[in-house]
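Spelled out, the chains give:
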Amino acid sequence: DVHYLAVANFHDGATYQLDSEVFKWDQTQLVSYQLIPSNGTYDLKHFVIGSVHYLAAASYYTGTSWHTASEVFKWDGEQFVSFQRIQSNGGTNWEHFVIDGVHFLALANARTSSSYSIDSEIFQWDGTQFVSSQRIPTFGARDWTHFEIHGSHYLAVANWNNGQTVSINSEVFKWNGTSFAPFQHIATRGAAHLEHFVIDETHFLAVANQRANITHFATNSEILKWDGNVFKSAQLIPTEGAADIEHFVIENVHYLAVANQRPLIASELLRFDSVKGLFVSIQRFASRGALDWKHFAINNAHYLALANHRNSSSFQINSEIFVWNGQCFV
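Residues numbered from 1 in each chain as written. Predicted model: local features only at pLDDT ≥ 70, side-chain atom pairs only at ≥ 80, totals over all residues. Heavy atoms only, no water.

Engineer: Break down the pairing of strand 18 (residues 218-226) for me, citing the residues and quoting the values.
Structural biologist: With four bridges joining them, strand 17 (residues 202-209) and strand 18 adopt antiparallel strand pairing. Among the inter-strand pairings, Leu205 is bridged to a residue of strand 18, identified as Leu224. Pairing of strand 18 with strand 19 (residues 231-240) involves nine bridges; the strand directions are antiparallel. Along strand 19, the bridge assignment pairs Thr219 with Thr239. Between the end of strand 18 and the start of strand 19, which pair antiparallel, lie four residues, with Gly228 showing a positive phi angle near 110°. (Pairing = 2+ DSSP bridges. Helix = DSSP H or I, 4+ residues; strand = E, 2+ residues; numbered from the N terminus.)

Engineer: Requested: an account of unusual backbone geometry, with residues and values cited.
Structural biologist: For Asn299, which is not glycine, the phi dihedral falls at a positive 50°. Along the chain, the position of Asn299 falls in the loop between strand 24 (290-298) and strand 25 (301-308). Residues other than glycine seldom take positive phi values, yet Asn300 does so here, at roughly 70°. Along the chain, the position of Asn300 falls in the loop between strand 24 and strand 25. Its relative accessible area of 78% is what places Asn300 among the exposed residues. (Buried < 20%, exposed > 50% of the residue type's maximum accessible area, 1.4 Å probe, protein only.)

Engineer: Residues and numbers for the pairing of strand 20 (residues 242-250), please.
Structural biologist: Summarising burial for strand 20: eight of the nine residues are buried, a large majority. Where strand 20 lies against strand 21 (residues 253-260), eight bridges are found, and the strand directions are antiparallel. Residue Ile245 lies in a different strand from strand 21, and its bridge partner there is Val258. Linkage of strand 20 to strand 21, two consecutive antiparallel strands, is achieved through a turn of two residues, within which Glu251 is found at a positive phi near 50°.

Engineer: So what about the side chain of His193? Which residues, and what values?
Structural biologist: Positionally, His193 belongs in strand 16 (residues 191-199). When neighbours within four sequence positions are excluded, His193 is seen to be in contact with Asp143, Ala158, Ala206, Val207, Ala208, Ala243, Asp244 and Ile245. (Contact = heavy atoms within 4.5 Å.)

Engineer: Run through a nonpolar patch on the surface, naming residues and quoting values.
Structural biologist: On the surface, a cluster of nonpolar side chains totalling about 260 Å² of accessible area is made up of Val2, Tyr4 and Tyr33. Take Tyr4: it is sitting in strand 1 (residues 4-7). Note on Tyr4: relative accessible area 35%, which makes it partly exposed. (Patch = residues over 30% accessible without salt bridge, like charges linked within 9 Å, V, L, I, M, F, W, Y side chains within 5 Å. Areas by Shrake-Rupley, 256 points an atom, 1.4 Å probe, with all protein chains shown as cover. Salt bridge = Lys/Arg side-chain N within 4 Å of Asp/Glu carboxyl O.)

Engineer: Go over the layout of surface pockets, please, and point to the residues and values.
Structural biologist: There is about 410 Å³ of room inside the second largest pocket. In terms of lining residues, the second largest pocket is bounded by 19 residues, among which Tyr42, Arg142, Arg211, Gln261 and His309 are the most central. Residue composition of the lining of the second largest pocket, grouped by class: 10 nonpolar, four polar and five charged. (1 Å grid on protein atoms, 1.4 Å probe; cavity = no way out; pocket = protein on both sides within 12 Å on 5 of 7 lines; lining within 4 Å. Points joined across faces, edges and corners; volume = space filled by probe spheres on them. Nonpolar A, V, L, I, M, F, W, Y, C, P; charged D, E, K, R; others polar.)

Engineer: So what about the packing of aromatic side chains? Which residues, and what values?
Structural biologist: Following the criterion strictly, the structure yields 41 aromatic pairs and no others. Aromatic rings pair up to connect Phe10, Tyr16, Tyr42, Tyr60, Tyr61 and Trp66 into one cluster. In this structure, Arg111 packs its charged tip against the face of Trp66, placed 3.8 Å from the ring centre. Above the face of the Phe315 ring, Arg310 is positioned so that its terminal group lies 4.5 Å from the ring centre. (Phe/Tyr/Trp six-rings, centres within 6.5 Å; stacked < 30°, edge-to-face > 60°. Lys NZ or Arg CZ within 6 Å of the ring centre and 35° of its normal.)

Engineer: A description of the environment of Ser319 should follow, citing residues and the corresponding values.
Structural biologist: Examined against the element boundaries, Ser319 turns out to sit in the loop between strand 25 and strand 26 (320-323). Taking the C-alpha atoms as reference points, Ser319 and Phe231, 88 residues apart in sequence, are found 34 Å from one another. Among residues more than four places away in sequence, those in contact with Ser319 are Leu306, Ala307 and Asn308. Within the structure, Ser319 has its side chain in polar contact with the backbone nitrogen of Asn308 (distance 3.0 Å). (Polar contact = N/O pair within 3.5 Å; in protein donor to acceptor, adjacent residues only side chain to side chain.)

Engineer: Describe the sheet that holds strand 24, listing the residues and the values that go with them.
Structural biologist: Taken in spatial order, the three strands make up an open sheet running 24-25-26, and their pairing is antiparallel. Each end of this open sheet is capped by a strand with a single partner; those strands are strand 24 and strand 26. Strand-to-strand twist of the sheet, defined as the mean angle between neighbouring strand axes without regard to direction, takes the value 20°. Pairing of strand 24 with strand 25, which is carried by eight bridges, proceeds in the antiparallel orientation. The partner of Ile298 across the bridge, within strand 25, is Ala301. (Axes fitted to C-alpha atoms, helices over the stretch in contact; angles between N-to-C directions.)

Function-wise, these values are silent; they only describe arrangement.
The structure is reproduced here in structure tokens:
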């Protein structure tokens, strides 16, 4: 297998007109492979339809407008080439999923020039391209996550801000056979990311709450547990500017990596304690405005990639990849 890692470049302090970048594993490290033209790209999502690989880029801001084109790229055998442009309004995330053999893409729209109350949109693959199939009212939407429980399909959105407050509900929707219908409200505080995972056949949904209010970032993120009918609170995790929670498994042990976005605040790794039934902190990382974690494995080695956004003075900083040594990431 050939391994790649795609990095979304958002802003360098001067411009949003930045190429995003695809890296390729050369058997010892990841090296630059392709630059992808993009505008204020907030997220890149890889997915496969049939045997064809695609990469969807969510464009948030051009430097002058939040109304911009997000773009789907198609692998031509050697590189990703432009395939389809889709209008977005402060695009922050793409989520790909399949229901009954039909492929969908959900786009999170965060804002217009005047409002955070903006429809996000679900697109359906028609055999040749993605076409709009449903619009859902959202409020500063930052993330979509799709999951399945006992044959039912769900789609949850992280609502970040409605223009007046960050203390708003995020929403879980349930597929009714033709569209997604409201299913459950979840009280969140500047929700930036949702992560679904399963431990011993029990379903969980982790919420990265970014801030307590517009100016204070210290708050609890939350892990919710499926009780057979709905999600209910199971654990609170102190975070500061949490932007992402990444779940992964190493040798049957479950972990959560939390990205704290505040420039001088450490990010954190937690391990599931099966006796306590809780996640406990085991490692802290000197991150710089962390926005995202991504776990991957190559040749039985486990890696964590950390996307650093900024330090106290600059957006032009390195991101970092850590490798598991059997006890911790180094």
